[in-house]
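Chain residues, written in single-letter form:
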Amino acid sequence: RAVTMSVSHSSRLNKLVREQYVRLPQDGLVQVTYVWIDGSGEGVRCKTRTLDKEPKSIEDVPEWNFDGSSTAQAEGSNSDMFLVPVCMFRDPFCLDPNKLVLCEVLKYNRKPAETNLRHTCKKVMDLVKDSHPWFGMEQEYTLLGINGHPYGWPDNGFPGPQGPYYCGVGADKVYGRDIVESHYKACLYAGVKICGTNAEVMPSQWEFQVGPCEGIEMGDHLWMARFILHRVCEDFGVVATLDPKPMTGNWNGAGCHTNYSTEEMRREGGLKHIEGAIEKLSKRHDYHICVYDPRGGRDNSRRLTGHHETSNIFEFSAGVANRGASIRIPRQVGQDGYGYFEDRRPAANCDPYAVTEAIVRTTVLNETGVETKDYADH
């Protein structure tokens, strides 16, 4: 019986024909693709323009604009939004000297758009730069066919129970490795600080890790890694979803575990600073749950059930090597007495700017309660 895989029509176009055009010389001109977060707070958009020379730094890339009424970011009567370049990468799709540029979005009055969470994150990271906060984020995602069904799963059923799929090898255990390896190489080429990948517990679910990154760099690099993932999947004709619980029932959800340390945690005797930070986090659980997914915790409530290697959303817990806790201290860190800890609560579709900002506000700036301080006047 012929197996029909649910892939997009455009993925069936002849990619060898495209290669013929990609190799054409550009005579000194450069394509720059501007990438930004749209009004959903989860989706990314992009558009491309020509510059007359290769930009050597982000300062060489001019501001641009777009129609915010078409991205749920403005009304049609006043729809122009500003794209402010903040971080530049090599373009793995059009190749050197072309660039991918991550942008902040500003409204007509040059105030940050509602889904521009980078703006306050940058302010907070600048405040705590002497603490040298390092982050590493583990992005889980699920590959879907264009029909919304997990890629490679039987059309009218389910694969065997979880067990053989995590870090699995073999055609009956992993689906879509071509996509994963292409994404990895594309990120390395682009200059994204990707540091690993593996197949996850649910079949068709994967994870990549980005880091270590200091401060604002974490959000910049994870967002660009996400853009590259969606763009690679487009070529293969499948969809990558960051939904925290794409399949109901006895299947793992998808998180974005966040590893974190400050300079004092990484020094000898740092465990006491790790434990101090966890104590602060324990008293602010509700605030963190609210910012760890785009819907104030409603997405995560489907995932953080206390089952499938998660903690319960209503309870804070911490432990050494405990994957069912809110916060995990790696066993090696417990033995060494210094290092980092892992916050396992952020959802796969979290905004990394919101997550890293919240962790720093609580552990370094010593904020308490559900309100955040505005440091603009300090």
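Being a predicted model, the structure only gives us computed values, none of them experimental.

## What about the overall build of the protein chain?
Along its length, the protein chain carries ten helices and 13 strands. Across its three principal directions, the C-alpha atoms of the protein chain cover 60 × 60 × 40 Å. The burial tally for the protein chain puts 50% of its 378 residues in the buried class. Once local pairs closer than 6 in sequence are excluded, the contacts in the protein chain between residues at least 24 apart make up 66%. Looking at the protein chain as shown, the accessible area adds up to about 17,800 Å², and 51% of this sits on carbon and sulfur atoms. Each charge sign in the protein chain was given a centre, from 43 positive and 51 negative side chains, and these centres are 1 Å apart.

## Things to note about the pattern of salt bridges
Pairs may arise between side chains of opposite charge once their charged atoms sit close together. Inspection of every chain in the model, using the stated rule, returns 26 salt bridges. Of the charged contacts, one joins Lys 173 and Asp 172 as a salt bridge, the two residues approaching to 3.4 Å between their closest N and O atoms. With a closest N to O distance of 3.0 Å, Arg 302 and Asp 243 form a salt bridge. Placement of Arg 302 in the loop between α8 (298–301) and β11 (318–320) and of Asp 243 in the loop between β9 (239–241) and β10 (256–261) is noted, with a sequence separation of 59 residues between them. Exposure remark for Arg 302: the relative accessible area of 34% places this residue in the partly exposed category. Of the residues examined, Asp 243 reaches a relative accessible area of 25% and is grouped as partly exposed. Sharing partners across several salt bridges, the network here consists of Glu 42, Asp 243, Arg 295, Asp 299 and Arg 302.

## Quick word on the nonpolar core
As a rule of thumb, soluble globular proteins bury nonpolar side chains together. By size, the foremost hydrophobic cluster in this structure holds 72 residues, and its most contacted members are Tyr 141, Leu 143, Val 192, Met 224, Ile 228 and Phe 341. The element that contributes the greatest number of residues to this core is helix α4 (residues 217–236), accounting for ten residues. Not counting the four nearest positions on each side in its chain, Val 192 is found in contact with Phe 89, Cys 187, His 221, Met 224, Ala 225 and Ile 228. Tyr 34, Leu 83, Val 105 and Ala 113 belong to the second largest nonpolar core, which has 15 residues in total.

## Description of unusual backbone geometry
For residues besides glycine, phi is generally negative; the peptide bonds are generally trans as well. In this model, Asp 96 is joined to Pro 97 through a cis peptide bond whose omega is 5°. Mapped onto the elements, Pro 97 comes out in the loop between β4 (80–90) and β5 (99–106). Looking along the chain, the bond that leaves Gly 211 and enters Pro 212 is cis, with omega of -5°. On the secondary structure map, Pro 212 appears in strand β8 (residues 205–214). Although it is not a glycine, Cys 167 adopts a positive phi angle of roughly 55°. The topology assignment puts Cys 167 in the loop between β6 (134–144) and α3 (177–190). Given the relative accessible area of 41%, Cys 167 is considered partly exposed. A positive phi angle, close to 60°, is found at Asn 366, a residue other than glycine. Among the structural elements, Asn 366 can be located in the segment after α10 (352–363). The exposure class assigned to Asn 366 is partly exposed, which follows from its relative accessible area of 45%.

## Overview of the layout of surface pockets
Of the volumes computed, that of the largest pocket is approximately 300 Å³. Taken together, 20 residues line the largest pocket, and the ones lying closest to its centre are Glu 140, Glu 200, His 257, Glu 309 and Arg 344. Elements supplying a minimum of two residues to the lining of the largest pocket: β6 and β8. By residue class, the composition of the lining of the largest pocket is two nonpolar, eight polar and ten charged.

## Regarding the side chain of Lys 99
With respect to the helices and strands, the residue Lys 99 is situated in strand β5. Engagement of the side chain of Lys 99 in a polar contact is seen with the side chain of Glu 54, the distance being 3.0 Å. Once you skip the residues sitting within four places of it in the chain, Lys 99 turns out to touch Gln 31, Val 32, Thr 33, Glu 54, Pro 55, Met 88, Phe 89, Arg 90 and Asp 91.

## Digging into empty space enclosed by the protein
A water-sized probe rolled over the atoms picks out the places where empty space is left. Summed over the entire model, instances satisfying the criterion amount to two cavities of 30 Å³ or more. When its volume is computed, the largest cavity comes out at roughly 90 Å³. Forming the boundary of the largest cavity are Ile 37, Gln 73, Leu 102, Cys 103, Glu 104, Val 105, Thr 115, Asn 116, Leu 117, Arg 118 and Tyr 353. The element best represented in the lining of the largest cavity is β5, accounting for four residues. Here the lining of the largest cavity is built from residues that sort into six nonpolar, three polar and two charged. In this structure, the second largest cavity spans a volume of roughly 30 Å³. Along its surface, the second largest cavity is lined by Tyr 165, Lys 173, Val 174, Tyr 175, Ala 199, Glu 200, Met 202, Pro 203, Ser 204, Gln 205 and Trp 206. For the lining of the second largest cavity, the per-class residue count stands at seven nonpolar, two polar and two charged.

Thresholds, definitions, all that
Residues numbered from 1 in each chain as written. Predicted model: local features only at pLDDT ≥ 70, side-chain atom pairs only at ≥ 80, totals over all residues. Heavy atoms only, no water. Helix = DSSP H or I, 4+ residues; strand = E, 2+ residues; numbered from the N terminus. Buried < 20%, exposed > 50% of the residue type's maximum accessible area, 1.4 Å probe, protein only. Contact = heavy atoms within 4.5 Å. Areas by Shrake-Rupley, 256 points an atom, 1.4 Å probe, with all protein chains shown as cover. Lys, Arg positive; Asp, Glu negative; His and termini not counted. Charge placed at Lys NZ, Arg CZ, Asp CG, Glu CD. Salt bridge = Lys/Arg side-chain N within 4 Å of Asp/Glu carboxyl O. Core = buried A, V, L, I, M, F, W, Y, C linked by side-chain atoms within 4.5 Å. 1 Å grid on protein atoms, 1.4 Å probe; cavity = no way out; pocket = protein on both sides within 12 Å on 5 of 7 lines; lining within 4 Å. Points joined across faces, edges and corners; volume = space filled by probe spheres on them. Nonpolar A, V, L, I, M, F, W, Y, C, P; charged D, E, K, R; others polar. Polar contact = N/O pair within 3.5 Å; in protein donor to acceptor, adjacent residues only side chain to side chain.

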